[in-house]
Amino acid sequence: MDVWAFGEGELRVIFLETERLALRNLRAEDVGVMYDYRNNEVCARYQRGQTKERAEIAALVERRSKDVIGVDAPFMLAVALKESNEMVGEIVVMPKEGTISMGYTFSYRHHRRGYAFEALTALTALLHERHPDCDFVCFTEKENEPSRALLKKLGYRDMGYAPRKESEVFGKWLKAETEEEILRAVAVPPERSCE
């Protein structure tokens, strides 16, 4: 579902709706919410390289406010409550050479309500339906148990720790050659025995 509307001089797009959520483009009113959760330790501890300064977040929102779903370029979506339009999180999708990689952050104010599972289930299904030949890969910190559990619940398989990425690799709908490549990346030489 792509719903297009114009509001206050800007294009507003709802790409996908679930029972409780709308996955839509970013809007100027999202800056404060993003600033709040990106600077909260609960959300920030596992995020690498995320912009945390208010002015930089505002610039990011402006830059990404016209993103569209596809595999030609990375895109960023806001996850909002359907009833109030309040942003509860963000999803970044990075397609590259037949692989779709996703990252996500959900506000600490909305943890443990199933929003991440609901949003990612719908988005993953849509992307797989539109691009069935793509591999799906996600990376997470080894210590990020909630994210690891979420990915497993979404049907991703834990492929192991990739030292060069400093992340745990999860895959879904992988082609044999992609799986082999990931397994080579996570392979760690066995420790030498003193025996």
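None of the values given here were measured: they were computed from a predicted structure. (Residues numbered from 1 in each chain as written. Predicted model: local features only at pLDDT ≥ 70, side-chain atom pairs only at ≥ 80, totals over all residues. Heavy atoms only, no water.)

Participant: Just give me the short version of the overall build of the chain, but keep the residues and values in it.
Facilitator: Summing up its helical and strand segments, the chain has six helices and nine strands in all. Looking at the chain as a whole, 46% of its 195 residues are labelled buried. Summarising the internal contacts of the chain: among those between residues at least 6 apart in sequence, 53% fall at separations of at least 24. Of the roughly 11,100 Å² that the chain leaves accessible, carbon and sulfur atoms contribute 50%. (Helix = DSSP H or I, 4+ residues; strand = E, 2+ residues; numbered from the N terminus. Buried < 20%, exposed > 50% of the residue type's maximum accessible area, 1.4 Å probe, protein only. Contact = heavy atoms within 4.5 Å. Areas by Shrake-Rupley, 256 points an atom, 1.4 Å probe, with all protein chains shown as cover.)

Participant: Describe helix α4 (residues 115-130), and please don't skip the residues or the numbers.
Facilitator: Over its 16 residues, α4 runs 23 Å from end to end, which matches the ideal 22 Å to within 8%, given 1.5 Å per residue. Among the residues of α4, Tyr115, Ala116, Glu118, Ala119, Leu120, Ala122, Leu123, Thr124, Leu126, Leu127 and His128 are the ones counted as buried. (Expected span 1.5 Å × (residues − 1).)

Participant: Outline the environment of Thr51, supporting the account with residue identities and numerical values.
Facilitator: Checked against the element boundaries, Thr51 lands in the loop between α2 (41-44) and α3 (54-64). Assessed through its relative accessible area of 21%, Thr51 is described here as partly exposed. Residues Thr51 and Arg38, 13 residues apart in the sequence, show an inter-C-alpha distance of 7.8 Å. Residue contacts for Thr51: discarding those within four places in its chain leaves Arg38, Glu56 and Ile57.

Participant: Requested: an account of the packing of aromatic side chains, with residues and values cited.
Facilitator: Here the structure, examined in full by the defined rule, presents one aromatic pair. Its end group placed over the ring of Tyr161, Lys142 keeps NZ or CZ at 4.6 Å from the ring centre. One cation-aromatic arrangement involves Lys172 over Trp173; the distance from NZ or CZ to the ring centre is 4.4 Å. (Phe/Tyr/Trp six-rings, centres within 6.5 Å; stacked < 30°, edge-to-face > 60°. Lys NZ or Arg CZ within 6 Å of the ring centre and 35° of its normal.)

Participant: Lay out the pairing of strand β5 (residues 87-96) with the relevant residues and their values.
Facilitator: Of all ten residues in β5, seven are buried; the element is thus mostly enclosed. Direction of pairing for strand β4 (residues 75-81) relative to β5: antiparallel, over a ladder of six bridges. Considered in β5, the bridge of Val79 is made with Gly89. Counting the residues between successive antiparallel strands, the hairpin from β4 to β5 contains five residues, one of them, Asn85, with a positive phi of roughly 70°. In this sheet, strand β6 (residues 99-106) lies alongside β5 in antiparallel orientation, the contact comprising eight bridges. Counted as the bridge partner of Ile91 is Tyr104 from β6. Linking β5 to β6, which pair antiparallel, is a turn of two residues; within it Glu97 sits at a positive phi near 50°. (Pairing = 2+ DSSP bridges.)

Participant: Tell me about the packing of helix α1 (residues 31-38) against α3, and name the residues and values.
Facilitator: Relative to each other, α1 and α3 sit at 130°, their axes nearing to 9 Å. What the angle tells us is that α1 and α3 run oblique. In the packing of α1 onto α3, the handedness of the crossing is right-handed. Only Arg54, Ile57, Ala58, Leu60 and Val61 of α3 make contact with α1, whose side of the interface consists of Val31, Gly32, Met34, Tyr35 and Arg38. In terms of residue class, the contact of α1 with α3 is made up of seven nonpolar, one polar and two charged. (Axes fitted to C-alpha atoms, helices over the stretch in contact; angles between N-to-C directions. Parallel < 35°, antiparallel > 145°, perpendicular 65-115°, else oblique. Left-handed = near helix turned anticlockwise from the far one by under 90°. Nonpolar A, V, L, I, M, F, W, Y, C, P; charged D, E, K, R; others polar.)

Participant: Now, about the pattern of salt bridges: what can you tell me, with residues and values included?
Facilitator: Inspection of the entire model under this criterion finds ten salt bridges. Between Asp36 and Arg109 there is a salt bridge, with its nearest N and O atoms 2.8 Å apart. Residue Asp36 is found in helix α1, and its partner Arg109 is found in the loop between β6 and α4; the two are separated by 73 residues along the sequence. The class of Arg109 is partly exposed, set by a relative accessible area of 49%. Between Arg38 and Glu90 there is a salt bridge whose closest N-O contact spans 2.6 Å. One end of the pair, Arg38, is in helix α1; the other, Glu90, is in strand β5, with 52 residues separating them in the sequence. What makes Arg38 buried here is its relative accessible area of 3%. Overlapping salt bridges, with partners in common, bring together Glu145, Arg148, Asp158 and Glu168 in one network. (Salt bridge = Lys/Arg side-chain N within 4 Å of Asp/Glu carboxyl O.)

Coordinates in, geometry out; function isn't part of it.
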